[in-house]
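Summary of structural features
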Amino acid sequence: MSEKTPLLHYRLSSSIHGSGNSVGVTVDKSPRVSRKTTENKPPKKLSMFFGVIIPTVLSMFSVVLFLRIGFVVGHAGLYQSILMFLVAYLIITMTVLSVCAISTTGALDAGGAYYMISRALGPEFGGSIGIMFFFANVCGGALYVLGLVEAITVSFGISEGEAGLANPYHVLPLGYWWSLLYASAILLLCLGVCLVGAHIYAKATFLIFLIVMTVLSSIFISFFVVGPRVVVLPAVSGNSTQAASANFTGFKLDTLLGNLWGSYTVDYTTGSMMSFTTVFAVMFNGCTGIMAGSNMSGDLKNPSYSIPRGTLTAVVFTFITYNLLALLVSCSCDRLLLQRNYSFLRDINIWCPLVMVGIYLSTLSAAMSNLIGASRILFALSRDNLFGGVLAPASRTSEGGNPWVSVLISWSLVQVVLLIGKLNTIASIVTIFFLLVYAAVDLACLALEWASAPNFRPTFRYFTWHTCALGIMGCLVMMFLINAIYASVSIAFMLVLLLLIHYLCPTSSWGYVSQALIFHQVRKYLLMLDVRKDHVKFWRPQVLLMVANPRSSTGLITFINDVKKSGLYVLGHVQLGELEMLPADPLQSCYDSWFSLVDYLNIKAFISLTLADSVRHGIQHLLFISGLGGMRPNILVLGFYDDCPPKDNLQDCVLSASAHSAKEQKRIFHFPSVCSDRMSGEAASAKHLSIEEYVYVIADAVKMQKSVALARYFCSFNQSEVLARAKPGQSGLYIDVWPLNLLRPDNCGYVDTCSLFLLQLACVLHMSHAWRHARLRLFLCVEVGSCVQGAEEMLQQMLKDLRMTADVYTVPWDHVVALHGQRRAKDTQVHPSAQTEGAPEGVHNSFPSNTTLLSDEYLRAINQLIRENGDPPPAVRFLYLPRPPADTRRYAPYLHQLDLLSRDVGPTLLIHGVAPVITTDL
């Protein structure tokens, strides 16, 4: 990021021509701007009262206040009704606290709860929950429309008993299709308001709010001024034995005592038996409007200020109203009246039409609120492009910024839901959807709190992780209590969406709270990982692989990924240069390519790059600083120093990626092309690393108590082709191990530290999932005159003690040992200043008189022995790597010996272990 890059991204949408739902802002500073454009006034924003309090209160009242308060008290009784309200408001209060915290920690945009969740938990959770929240609002809109239809048909519908009677008010025919027609007409009215825009909606809801408050005041007054009366009950089709009337008794103790406890019976509208959970599901719809203000976040002047204060005010007001109304109803209405007449508040009011007007307007407002909320969520989803081109049309807006296509899509889906036709049936679905969304909001706030990110500084501090956890548990428990099948299907659907978004959507730049949580936990556990408590039985490979040119090293990189056995894996690279001579660190621009390589190869590795004046010093830096705490590399892997021509293994990938879309462009690796270096690509170029410096690197690692592995002939290693040998009909997959120091046949021990290290790494490779079908072959070099059977039995017993499964092969090598003995006899007669035999041409050093030198003849014989005892050829060989000589003048002959030893033997690891890694103890 440049020092001149703005660090704060303010909401600039108010400065352009468009609504508050604008996606982004492009500020054109060109002087060629017309006067007409500059004089365009920005769209007006909504205040807390108009944008949050009014929509939230109207959405929470709606159906439950006027049409279902009697249903709740009549079935559940006063005690259980109050308990339901307490449980419901406890759940939503925990969620409101989370909403307040998230909304005051940064600027909000359109989308409400979806915007909060997606920006906190990432696109996967945000997109899946956003779809669920969209469907919740769609179903909620249908719920309120059906509630309004129910109220209208009760007042103006022609029942069976009134057929043929001249009633001037009951003029609407009844029936499923007639109800669907009425609901569709009401939904068209809501569509018309929402297509105009948020401001006409705000004005309409303010007028509705005034009328509803007037109606609510008249209801409370009616309980005190209206005397006892008989109320006619709606007729129940097919049941003529039901009572035709019930009593409004006014305030009486007997009435209160009769309504204290629950008395669940059959719902007269659906014919279903009621229970605590089914009644709670209907009642909870009166609490699902808490997001009405949050859904308007893109249209608010100051969302971070308005949403928490406005939502809390609405919650407190509605809670007091519901409980007070439940108490008044319990004291003055017979239970039969409450159970059999959902619109009884109209019949006991001082002026009956006033209640009906309140019912009509409140449910109409709630329906519009859900419709406009659904459209804003859909618009936000389409704008974020989480589902590709599927939701692209929903991002279109009018000149005033109203997402009219999203409104039309939402309207069409609400119309589909209306086909269900029963309010109480939809109620359970809506409740579960909203509970799932509320749980996700609480989860988002909980994750932000646990992550302890410095930028999570909400100005609203009346929440803790306990309130978030309580909200999550409450939502999930109530979901399964209401309907376990619906809850399970909803969660499964959300998980499917989550996986689809995870694998199909592009990477976002919103920030992932999961990364903050992982950092927080990893830091804590790294501090607990005490290196003083390390034990050999819990040892695992932790590898630093030095990579000079990744283009030719993909085979080795993938192979070492199988060797690490869930240990630390670091890809290291040294770039020559001095920082003081450069304008900026050249490595920072390289990390993206390295990460793309890791993603493409599907390996689990870290990247560690360094800038140094030499390759040797750079590797020293990485050995010193790579890892953290108890997670540090204990094995250094280098490519072999030879003349193998490098192969560009990424050329085909780059060519194919360049022909694809932007989604595929991330796979292009901006590494230098492979040139004809003397190195095979895994260690370093011959131009930058001499023979002596290469051996110095090995010696440095050993001094630092790091084991060393030299990888040879992996430049053309193809993992898929090699592993295919394990399939039936192929030659078989083998791993060959030569645990003897072949350069010291006079020391025939198989149980030194390096030999056991060799066996352990071979066993680790065999334990990996990809190599589990391979067979270990262990080669025991013996002389004919020695006890061959005894040596083989000892080796088999050692393998048994080490819990390793391998095929042991004895290899006679008397003729090879004889060559070594001849050389030793000659060495005793050589003057220390003589020319070094076995060294490359032109290399002259002086050696002490007691130094044993190996002839090329002996080394070629060893090489021939290895190649002859590899039928069928193994996928990889493990050879013993001797310790570099103490005399630095012998570094060149040492590397020459390794070259002859491992020449033309296929993919090989020459390994030198410096620490015990195997134990037979439990």
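Residues numbered from 1 in each chain as written. Predicted model: local features only at pLDDT ≥ 70, side-chain atom pairs only at ≥ 80, totals over all residues. Heavy atoms only, no water.

**What about the overall build of the protein chain?**
For the protein chain, the count of helices and strands is 29 helices and 12 strands. Looking at the protein chain residue by residue over its 922 residues, the buried ones come to 54%. Put simply, 82% of the contacts in the protein chain that link residues at least 6 apart link residues at least 24 apart. For the protein chain, the exposed area adds up to about 41500 Å²; of that, 60% sits on carbon and sulfur atoms. (Helix = DSSP H or I, 4+ residues; strand = E, 2+ residues; numbered from the N terminus. Buried < 20%, exposed > 50% of the residue type's maximum accessible area, 1.4 Å probe, protein only. Contact = heavy atoms within 4.5 Å. Areas by Shrake-Rupley, 256 points an atom, 1.4 Å probe, with all protein chains shown as cover.)

**Considerations on the pattern of salt bridges**
For the structure shown, the criterion picks out 11 salt bridges. Arginine 383 is the partner of aspartate 384 in a salt bridge, and the nearest nitrogen-oxygen pair spans 3.9 Å. With its nearest N and O atoms 2.5 Å apart, the salt bridge here joins arginine 712 to aspartate 899. Here the residue arginine 712 occupies a position in strand 7 (residues 707–712), and aspartate 899 occupies one in helix 29 (residues 891–901), the gap between them amounting to 187 residues. (Salt bridge = Lys/Arg side-chain N within 4 Å of Asp/Glu carboxyl O.)

**A short note on the packing of aromatic side chains**
Using the criterion set out here, one finds 32 aromatic pairs in the structure. An angle of 10 degrees between the planes, with centres 4.6 Å apart, marks the rings of tryptophan 738 and phenylalanine 779 as stacked. One end of the pair, tryptophan 738, is in strand 8 (residues 734–738); the other, phenylalanine 779, is in strand 9 (residues 775–782), with 41 residues separating them in the sequence. As far as burial versus exposure is concerned, tryptophan 738 and phenylalanine 779 are alike and both buried. Through a chain of ring-to-ring contacts, three or more aromatic side chains come together here, namely Phe49, Phe50, Phe206 and Phe209. Across the ring face of phenylalanine 71, the terminal group of arginine 68 is positioned such that the distance to the ring centre comes to 6.0 Å. Positioned above the aromatic ring of tyrosine 525 is the side chain of lysine 524, whose terminal nitrogen or guanidinium carbon lies 5.6 Å from the ring centre. (Phe/Tyr/Trp six-rings, centres within 6.5 Å; stacked < 30°, edge-to-face > 60°. Lys NZ or Arg CZ within 6 Å of the ring centre and 35° of its normal.)

**A short note on the side chain of threonine 311**
Along the chain, the position of threonine 311 falls in helix 9 (residues 303–332). Here isoleucine 307 takes part through its backbone oxygen, which lies 2.6 Å from a polar atom of the side chain of threonine 311. Apart from residues no more than four positions distant in its own chain, threonine 311 is found in contact with Val52, Val96, Ile290 and Ser306. (Polar contact = N/O pair within 3.5 Å; in protein donor to acceptor, adjacent residues only side chain to side chain.)

**Re helix 3 (residues 113–121)**
Among the 9 residues in helix 3, 8 count as buried, and that is most of the element. Every buried residue belonging to helix 3 is among Ala113, Tyr114, Tyr115, Met116, Ile117, Ser118, Ala120 and Leu121, and all of these are buried. Taken from the residues just after helix 3, glycine 122 is the one with a positive phi, measuring 100 degrees.

**Structural notes on the pairing of strand 6 (residues 635–639)**
The buried count for strand 6 comes to 5 of 5 residues, which makes it a mostly enclosed element. Going residue by residue along strand 6, you find Ile635, Val637 and Gly639 tucked away on one face and Leu636 and Leu638 tucked away on the opposite face as well. Bridge count for strand 3 (residues 543–546) against strand 6 is 3 bridges, and the pairing is parallel. If you follow valine 543 over to strand 6, its bridge partner there is isoleucine 635. In the sheet, strand 6 pairs with strand 7 via 5 bridges, with the strands oriented parallel. Residue leucine 638 lies in a different strand from strand 7, and its bridge partner there is leucine 710. (Pairing = 2+ DSSP bridges.)

**Considering the sheet that holds strand 11 (residues 876–880)**
Taken in spatial order, the 10 strands of this open sheet run 5-4-3-6-7-12-11-8-9-10, and their pairing is mixed. Edge positions in the open sheet fall to strand 5 (606–612) and strand 10 (807–812), since each of these has one partner strand only. Sheet twist, expressed as the mean angle between neighbouring strand axes with direction ignored, is 25 degrees. Here helix 20 (residues 615–625) sits on the sheet in contact with strand 3, strand 4 (569–576), strand 5 and strand 6, set at roughly 135 degrees to strand 5. (Axes fitted to C-alpha atoms, helices over the stretch in contact; angles between N-to-C directions.)

**Examining the environment of valine 574**
By the secondary structure assignment, valine 574 is in strand 4. In this structure valine 574 comes out as buried when scored by relative accessible area, which is 14%. Apart from the residues within four sequence positions on either side, valine 574 is in contact with Met546, Thr610, Ala612, Ser614, Val615, Gly618, Ile619 and Leu622.

**Observations concerning helix 15 (residues 465–482)**
Taking 1.5 Å of rise per residue, the 18 residues of helix 15 would be expected to cover 26 Å, and the 26 Å separating its terminal C-alpha atoms lies within 8% of that figure. Listed in full, the buried residues belonging to helix 15 are Thr467, Cys468, Ala469, Gly471, Ile472, Gly474, Cys475, Met478, Met479 and Ile482. With a side-chain oxygen lying 3.2 Å from the backbone nitrogen of histidine 466, the N-terminal cap of helix 15 falls on threonine 464. (Expected span 1.5 Å × (residues − 1).)

**A few points about the packing of helix 4 (residues 123–156) against helix 16 (residues 484–504)**
The relative placement of two packed helices is expressed as an angle between their axes plus a distance between the axes. Two elements in contact, helix 4 and helix 16, have axes separated by 8 Å at closest approach and are oriented at 135 degrees. Classed by the angle they form, the pair helix 4 and helix 16 counts as oblique. Relative to helix 16, helix 4 is oriented so that their crossing is right-handed. Counted together, Pro123, Glu124, Phe125, Gly127, Ser128, Ile129, Ile131, Met132 and Phe135 of helix 4 and Ser490, Phe493, Met494, Leu497, Leu498, Ile501 and His502 of helix 16 form the full contact between these two elements. Residue composition of the contact of helix 4 with helix 16, by class: 11 nonpolar, 4 polar and 1 charged. (Parallel < 35°, antiparallel > 145°, perpendicular 65-115°, else oblique. Left-handed = near helix turned anticlockwise from the far one by under 90°. Nonpolar A, V, L, I, M, F, W, Y, C, P; charged D, E, K, R; others polar.)

**Remarks on the confidence of the model for the protein chain**
When pLDDT is averaged across the protein chain, the result is 79; 81% of the residues are at 70 or more. Every residue in residues 654–667 scores below 50 in pLDDT, and together they form 15 contacts with partners more than four places removed in sequence or on other chains. In the predicted structure, residues 830–851 sits below a pLDDT of 50 and forms 40 contacts with residues beyond four places in sequence or in another chain. (pLDDT = per-residue confidence, 0-100.)

**Focus on a nonpolar patch on the surface**
There is a patch of nonpolar side chains on the surface, built from Ile221, Phe224, Val225, Phe251, Ile350 and Trp351 and spanning about 670 Å² of accessible area. For isoleucine 221, the position within the fold is in helix 6 (residues 198–225). (Patch = residues over 30% accessible without salt bridge, like charges linked within 9 Å, V, L, I, M, F, W, Y side chains within 5 Å.)

**Remarks on the nonpolar core**
One finds Ile92, Phe223 and Phe344 to be the most contacted residues of the largest nonpolar core, which totals 164 residues. Among the elements that make up this core, the one with the highest residue count is helix 2 (residues 48–103) (30 residues). If you look at the next biggest cluster of nonpolar residues, it comprises 60 residues, including Leu545, Ile607, Val637 and Val782. (Core = buried A, V, L, I, M, F, W, Y, C linked by side-chain atoms within 4.5 Å.)

**Quick word on the environment of leucine 386**
As for its placement among the helices and strands, leucine 386 is situated in the loop between helix 12 (352–384) and helix 13 (404–417). With a relative accessible area of 6%, leucine 386 lands in the buried category.

**Regarding the packing of helix 5 (residues 176–196) against helix 13**
Viewed as axis vectors pointing N to C, helix 5 and helix 13 meet at an angle of 165 degrees, and their least axial separation amounts to 10 Å. As far as their axial angle goes, helix 13 and helix 5 are roughly antiparallel. Considering only the axes of helix 5 and helix 13, their crossing is right-handed. Together, Leu180, Ser184, Leu187, Leu188, Leu191, Cys194 and Leu195 of helix 5 and Trp404, Val407, Leu408, Trp411, Val414 and Gln415 of helix 13 make up the contact between the two elements. When the residues that make up the contact of helix 5 with helix 13 are grouped by side-chain class, the tally is 11 nonpolar, 2 polar and no charged.

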